[in-house]
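Observations on chain architecture
Below are the chains, spelled out letter by letter.
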Amino acid sequence: EAFTIEFSTFKKYRVRASKVNVRKGPSTSYAVIGTVAKDEIVEYIEKNKSSTWFKVRLPDGKQGWILAKFLEEIKVKKELPRGKDFRKCKKQRKR
């Protein structure tokens, strides 16, 4: 039986401030391309060298940069589906 396991590779973050600017690049010198409201969820894409700005994907699919101090990581518990013995499946593939 073939099966595929897919997990989101992006970390999720919640916006901590009431209104946060989303910028074209990792600095306040870049243009504001949108805003996000408190408690909105964004997906992490990458960070700048000093880890002070995060590039994120917004709920509408747009991408931009947000100052990292305005975000808090959401811890997502990843569980395997019940009823599958994945160790056995892994051993079968090694034949």
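Residues numbered from 1 in each chain as written. Predicted model: local features only at pLDDT ≥ 70, side-chain atom pairs only at ≥ 80, totals over all residues. Heavy atoms only, no water.

**Remarks on the overall build of the protein**
Here is the rule we go by: Helical segments are the DSSP runs of H or I of at least four residues, strand segments are the runs of E of at least two, and each set is numbered from the N terminus. Three exposure classes are used, based on accessible area relative to the maximum for each residue type with a 1.4 Å probe and protein chains only: buried under 20%, partly exposed in between, and exposed over 50%. Throughout, a contact is declared for two residues whenever any of their heavy atoms are within 4.5 Å. In these tables, accessible area is a Shrake-Rupley quantity obtained with a 1.4 Å probe, and a residue counts as shielded only by the protein chains included in the view.
Tallying secondary structure elements over the protein gives one helix and seven strands in all. Taken from the N to the C terminus, the helices and strands of the protein come in the order β-β-β-β-β-β-β-α. Taking all 95 residues of the protein together, the buried fraction comes to 24%. Within the protein, contacts between residues at least 6 apart in sequence are counted, and of these 47% link residues at least 24 apart. As presented, the protein carries roughly 7,500 Å² of accessible surface, and 48% of it is formed by carbon and sulfur atoms.

**Regarding the confidence of the model for the protein**
A low pLDDT score tells you not to read the predicted coordinates there in detail. Applied cut-off: In predicted models, pLDDT denotes the confidence assigned by the predictor to each residue on a 0 to 100 scale.
The share of residues in the protein with pLDDT of 70 or more is 68%, and the mean pLDDT across the chain is 82. Here residues 91–95 is a poorly scored stretch, pLDDT under 50, and it has zero contacts once near neighbours within four places are set aside; other chains count.

**Some thoughts on the pairing of strand β5 (residues 53–57)**
Rule in force here: Paired strands, as defined in this entry, are two strands with at least two bridges between them according to DSSP.
Inspection of the sheet shows strand β4 (residues 41–47) paired to β5 by four bridges, in the antiparallel sense. Its bridge partner lying in β5, K47 is registered against F54. Counted along the chain from β4 to the antiparallel partner β5, the turn is five residues long, and its residue S51 has a positive phi close to 60°. By the bridge criterion, five bridges tie β5 to strand β6 (residues 63–67) in an arrangement that is antiparallel.

**Describing the packing of aromatic side chains**
What counts is decided by this rule: For Phe, Tyr and Trp, where Trp contributes only its six-membered ring, two rings pair if their centres lie within 6.5 Å, and the inter-plane angle classes them as stacked under 30 degrees, edge-to-face over 60, or tilted in between.
The final tally for this structure, using the stated rule, is three aromatic pairs. The interplanar angle of 45° and the centroid separation of 6.1 Å between the aromatic rings of Y13 and Y44 together place this pair among those described as tilted. Taken together, the residues Y13 in strand β1 (residues 12–15) and Y44 in strand β4 connect sequence positions 31 residues apart. On the basis of relative accessible area, Y13 is assigned to the buried category, the value being 8%. Here Y44 falls in the buried class, since its relative accessible area comes to 18%. When the ring of Y44 is compared with that of F54, the centres are 5.2 Å apart and the planes differ by 85°; the resulting orientation is edge-to-face.

**Focus on the nonpolar core**
Put simply, the test is: Definition used in this section: a nonpolar core is a set of buried Ala, Val, Leu, Ile, Met, Phe, Trp, Tyr and Cys residues joined via side-chain atoms within 4.5 Å.
Membership of the largest hydrophobic core comes to 14 residues, with the highest contact counts inside it found for V36, F54, V56, I66 and L71. When residues of this core are traced back to their parent elements, those giving at least two are β1, β2 (19–23), β4 and β5. Excluding residues that lie within four positions of it along the chain, V36 makes contacts with V15, S18, K19, V20, V22, L58 and I66.

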